[in-house]
Amino acid sequence: MHWYIDGFSVFMVSVILTGIIIPQILLIAFRKKLFDTPDERKIHTSAVPRLGGIAFMPAILFSLCFVIGIDILLSRSNAMGITAPLLSLSTLGENSQWLVSLFFCLCSLLMIYLVGLADDLVGVRYRAKFIIQIMAALLMAAGSIRIDNLHGMLGIQQLPWPLAWGLSVLLTIYITNAINLIDGIDGLASGLSGVAMAFYGLAFMSAHQWINALIAFAALGTLVPFFYYNVFGSARMGKKIFMGDTGSLTIGIILSYLAMEMTRIPNPDIFGSDIMVVAFVPLAIPCLDVVRVFVHHILRGKNPFNPDKVHIHHKLLAMGIPQRLAMILIVTASALTIAINLWLSCHLGAFTILMLDLITWIIFNWWLTRAIRARQRRLHITDGYE
């Protein structure tokens, strides 16, 4: 039972700390004039600080260290009828491989956090960011944070190590950038990530993977106050903030860590659903969207890494849907996708579900594009839509 208390505690400490840090970031941003200024590609029309993600890593690390440290300090005794925590002093030596994975993950997280911070403050070329992401992904793989087993997907079980490393590095970079690229309207990246973090936290709790659950709840705790300032804060009153690359890349690499760790739980049948679906379905919408956008760019001979306005949220806005309603629709669709995919995985294989998701996404976007063009013709908008 004490792990559930720890989960709630780490969430609340993270919420409180982020809620304290963000107003200080806003104060500094306005004093130093560190804003995300509007341009033709961006939706916002006034200068807004984009340094909200600076609060994420300190809040996550502090809440984890604080709660786990108290656990060790109190040393919950068996005499009280409570099991000792996983990281009690007597059990640290028994979890050396887990600690290696955690430390390498923290190294990767720090690298991504710093490159995101540099990009938000002075700008970093996408090639340099990509190289840092590759290095961070390799660190994760070196720490055994890898997909070594496909659990029967396409009839494949254990993967040879070169393929496991290559696939894991690719997925880490893919997921991290998917979260970064979906961050286009207020509350969308934080809303989608919040749903995913809540799902992973509960799933890891169910699988008795307590520390990973605490990581998910700590990250969720940082997203709650940020979501409030990002969605409900007033730019005119200086209360609005964006997460920037610092936040989206930080959250993205944490989600990639949690997804791959989910594939490595020792009891994958505990959920009654295909573990590959459980691991990756919370990331379905941002990951499917970035694939469609990349293909869209490549087919038109454009650089797939260049910024654009063809993501799913841009298409909903082109339909005349208000920004906040578009965010709610996409986040709700993510929650429904999780529920439907988990149910389907009781009857179908992971690859079949992936193909169904991909076909559904293609059909939906094709219909949406046709609807946008019809609306623009009706309103005599000459720019059209790509």
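Residues numbered from 1 in each chain as written. Predicted model: local features only at pLDDT ≥ 70, side-chain atom pairs only at ≥ 80, totals over all residues. Heavy atoms only, no water.

Applying the stated rule across the entire model yields six salt bridges. Between D148 and R146 there is a salt bridge, and its shortest N-O distance comes to 3.4 Å. The partner of E261 in a salt bridge is R264, with the nearest N and O atoms 2.4 Å apart. By relative accessible area, E261 is classed as buried at 6%. Through salt bridges with shared partners, one network takes in D119, K129 and D245. (Salt bridge = Lys/Arg side-chain N within 4 Å of Asp/Glu carboxyl O. Buried < 20%, exposed > 50% of the residue type's maximum accessible area, 1.4 Å probe, protein only.)

Counted by the stated rule, this structure contains ten aromatic pairs. With a centroid separation of 6.4 Å and 70 degrees between ring planes, the pair formed by F227 and F232 is classed as edge-to-face. (Phe/Tyr/Trp six-rings, centres within 6.5 Å; stacked < 30°, edge-to-face > 60°.)

With that settled, the discussion passes to a positive patch on the surface. A cluster of basic side chains, namely R300, R370, R373 and R377, defines a positive patch on the protein surface. For R373, the location among the structural elements is in helix α13 (residues 350–378). (Patch = residues over 30% accessible without salt bridge, like charges linked within 9 Å, V, L, I, M, F, W, Y side chains within 5 Å. Areas by Shrake-Rupley, 256 points an atom, 1.4 Å probe, with all protein chains shown as cover. Lys, Arg positive; Asp, Glu negative; His and termini not counted. Charge placed at Lys NZ, Arg CZ, Asp CG, Glu CD. Helix = DSSP H or I, 4+ residues; strand = E, 2+ residues; numbered from the N terminus.)

Of all hydrophobic cores here, the largest spans 103 residues; its most connected members are M197, Y200, L255, L258 and M262. Looking at which element gives the most residues to this core, the answer is helix α7 (residues 210–232), with 14 residues. (Core = buried A, V, L, I, M, F, W, Y, C linked by side-chain atoms within 4.5 Å.)

Relative to the helices and strands, M57 resides in helix α2 (residues 56–74). Residue classification places M57 among the buried residues on the basis of a relative accessible area of 7%. Contact partners of M57, with chain neighbours within four places excluded, come to L109, L110 and Y113. (Contact = heavy atoms within 4.5 Å.)

Further remarks concern helix α4 (residues 126–142). Under the 1.5 Å per step criterion, the end-to-end length of α4 is 24 Å for 17 residues, consistent within 8% with the ideal 24 Å. All of the buried residues in α4 are K129, Q133, A136, A137, M140 and A141. What you see down the axis of α4 is that its buried residues fit within an arc of 140 degrees, all on one side. Positive backbone phi, approximately 70 degrees, marks S144, located one or two places after α4. (Expected span 1.5 Å × (residues − 1). Arc of directions from axis to C-beta.)

A few words now on the side chain of S14. With respect to the element layout, S14 can be found in helix α1 (residues 2–32). Taking relative accessible area as the criterion, S14 reaches 0% and is therefore assigned buried. Polar side-chain contacts of S14 include one of 3.2 Å to the backbone nitrogen of T222. Ignoring sequence-local partners within four residues, the contact set of S14 consists of A59, S63, A218, G221 and T222. (Polar contact = N/O pair within 3.5 Å; in protein donor to acceptor, adjacent residues only side chain to side chain.)

Now for the side chain of R292. Mapped onto the fold, R292 is located in helix α10 (residues 284–299). Side chain to side chain, R292 and N365 meet in a polar contact 3.1 Å long. Each residue touching R292, except ones within four places of it in the same chain, is listed here: V310, H311, I312, K315, W361 and N365.

Attention now goes to a nonpolar patch on the surface. A surface patch of nonpolar side chains, about 960 Å² in accessible area, is lined by L154, I156, F351, L354, M355, I359, I363, F364, W366 and W367. Turning to its location among the elements, F364 is positioned in helix α13.

The subject of this paragraph is unusual backbone geometry. Its identity as a non-glycine residue notwithstanding, H151 has a phi of 55 degrees, on the positive side. You will see that L154, though not glycine, has its phi angle at about 60 degrees, which is positive. Secondary-structure assignment places L154 in the loop between α4 and α5 (161–181).

In contact at an axis separation of 9 Å, helix α6 (residues 188–206) and helix α12 (residues 323–344) are set at 25 degrees when each is read in the N-to-C sense. Between α6 and α12, the interaxial angle falls into the category roughly parallel. Our pair here, α6 against α12, has a crossing hand that is right-handed. Between α6, through L188, G191, L192, V195 and F199, and α12, the contact on the second element is made entirely by M327, I330, V331, S334, A335, I338 and L342. Across the contact of α6 with α12, the residue classes tally to ten nonpolar, two polar and no charged. (Axes fitted to C-alpha atoms, helices over the stretch in contact; angles between N-to-C directions. Parallel < 35°, antiparallel > 145°, perpendicular 65-115°, else oblique. Left-handed = near helix turned anticlockwise from the far one by under 90°. Nonpolar A, V, L, I, M, F, W, Y, C, P; charged D, E, K, R; others polar.)

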